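Here's the letter readout for the chains.
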Amino acid sequence: MNNFFVNHISPQYLSFYLISLIVILPALVSVMTSDIKIALVSLFFTFFGISGYYVLLYSEFLAITQVVVYVGAILILLIFAFLLLDLKFLKGESKIKQKISSFFVALMFFIFIPFCMILKSTWSGENKVINKPNDIVESMGALLLIDEFILLEVAGALLLLALIGASLMIKREK
Amino acid sequence: MISLNYYLFVSGILATIGIFSIISKNNAFSILIGVELILNSAIINFMAFWRFNPSFETNLDKVSGPLVGIFIMIVATCELAVSLAILIKAYKNYRSVRTDFIDEMKK
């Protein structure tokens, strides 16, 4: 037991717990509240905290991408669309029957995922000391631009299609 | 070193919160928020499994986690743009984004 505490009070563990607090608590707030303003603001902390996990997993590149894409683009897009709509039409609680049944479905997932899937499985690579690949960005650039360039083309085409589709959809009809 | 299970726990909890948000809320905004949470938990899962993969032999092995993460982010951005366009269009027609009001095809 004493060994457990000694192992778990290290900077890595403490930062992991702090990040988990920053991620999970606002996510719960954003689900529990019926005010979408509060939900969107608390989602900011969740997305920002998730980038901390990527730093702990030695991928600073994805951490920066997470901040740029999720906080800078997706959340701002959600807030902007929220501003375009009228606030009073968003209000309104769901039925109590729906709330109770969805709570039980979520509880089932909450029990099923940690205790039936994660703890029962044995992962082969666990607890091994891993050599850190310190040239992630370089390898990724070589992979995306030379070896597997079709992936990048498909992603670009998908983004262009989504852009054209979205702007066609909300075009004003005459 | 933090073991793999910690990350899987966190991503499982995030996915559960997202599922709860999708099935318990009645407005389309909260459903979109739930989808974003689920996609984020998927990225955490991919990154954790990439990190604890014992072999970093080929070039693809070295970057497979961040690569999948970036492609999930691209798909999430596309999905959000199109679904917000649908949402604004629905708001123009029904003056509401509540999913129990938008039931034209059920009639």
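The structure under discussion appears in the preceding block.
Residues numbered from 1 in each chain as written. Chains lettered and ligands numbered in written order. Predicted model: local features only at pLDDT ≥ 70, side-chain atom pairs only at ≥ 80, totals over all residues. Heavy atoms only, no water.

Enquirer: Any details on the overall build of chain B? Residues and values, ideally.
Expert: Across its full length, chain B holds three helices and zero strands. Each helix (α) and strand (β) of chain B, taken in turn from the N terminus, gives the series α-α-α. Relative to its full complement of 107 residues, chain B shows a buried share of 59%. Pairs at least 24 residues apart make up 56% of the contacts formed inside chain B by residues separated by at least 6 positions. Carbon and sulfur atoms provide 67% of the accessible area of chain B, an area that totals close to 4100 Å². (Helix = DSSP H or I, 4+ residues; strand = E, 2+ residues; numbered from the N terminus. Buried < 20%, exposed > 50% of the residue type's maximum accessible area, 1.4 Å probe, protein only. Contact = heavy atoms within 4.5 Å. Areas by Shrake-Rupley, 256 points an atom, 1.4 Å probe, with all protein chains shown as cover.)

Enquirer: Report on the interface of chain A and chain B, specifying residues and quantitative values.
Expert: Between chain A and chain B, the contact holds 88 residues from the first and 70 residues from the second. Across the chain A/chain B interface, buried area totals approximately 7400 Å², and carbon plus sulfur atoms make up 77% of it. Remark: the boundary between chain A and chain B carries four residue pairs in polar contact (both at pLDDT 80 or more). At the level of elements, α2 (11–32), α3 (36–56), α4 (60–84), α5 (96–118), α6 (136–147) and α7 (149–169) of chain A are the ones that each hand at least two residues to the side of chain A that touches chain B. Looking at the side of chain A that touches chain B residue by residue, the classes come out as 59 nonpolar, 17 polar and twelve charged. (Buried area = accessible area lost by both parts, 1.4 Å probe. Polar contact = N/O pair within 3.5 Å; in protein donor to acceptor, adjacent residues only side chain to side chain. Nonpolar A, V, L, I, M, F, W, Y, C, P; charged D, E, K, R; others polar.)

Enquirer: I'd like a rundown of the side chain of Ser-11 of chain B, residues and numbers included.
Expert: Note on placement: Ser-11 of chain B falls in helix α1 (residues 4–24). Contacts of Ser-11 of chain B, omitting those with residues within four sequence positions, involve Ser-41, Ile-44 and Asn-45 of chain B.

Enquirer: Account for the side chain of Thr-65 of chain A, naming residues and giving values.
Expert: Relative to the helices and strands, Thr-65 of chain A resides in helix α4. Within polar-contact distance, the side chain of Thr-65 of chain A engages the backbone oxygen of Phe-61 of chain A at 2.7 Å. Apart from the residues within four sequence positions on either side, Thr-65 of chain A is in contact with Tyr-70 of chain A together with Ile-70 and Met-73 of chain B.

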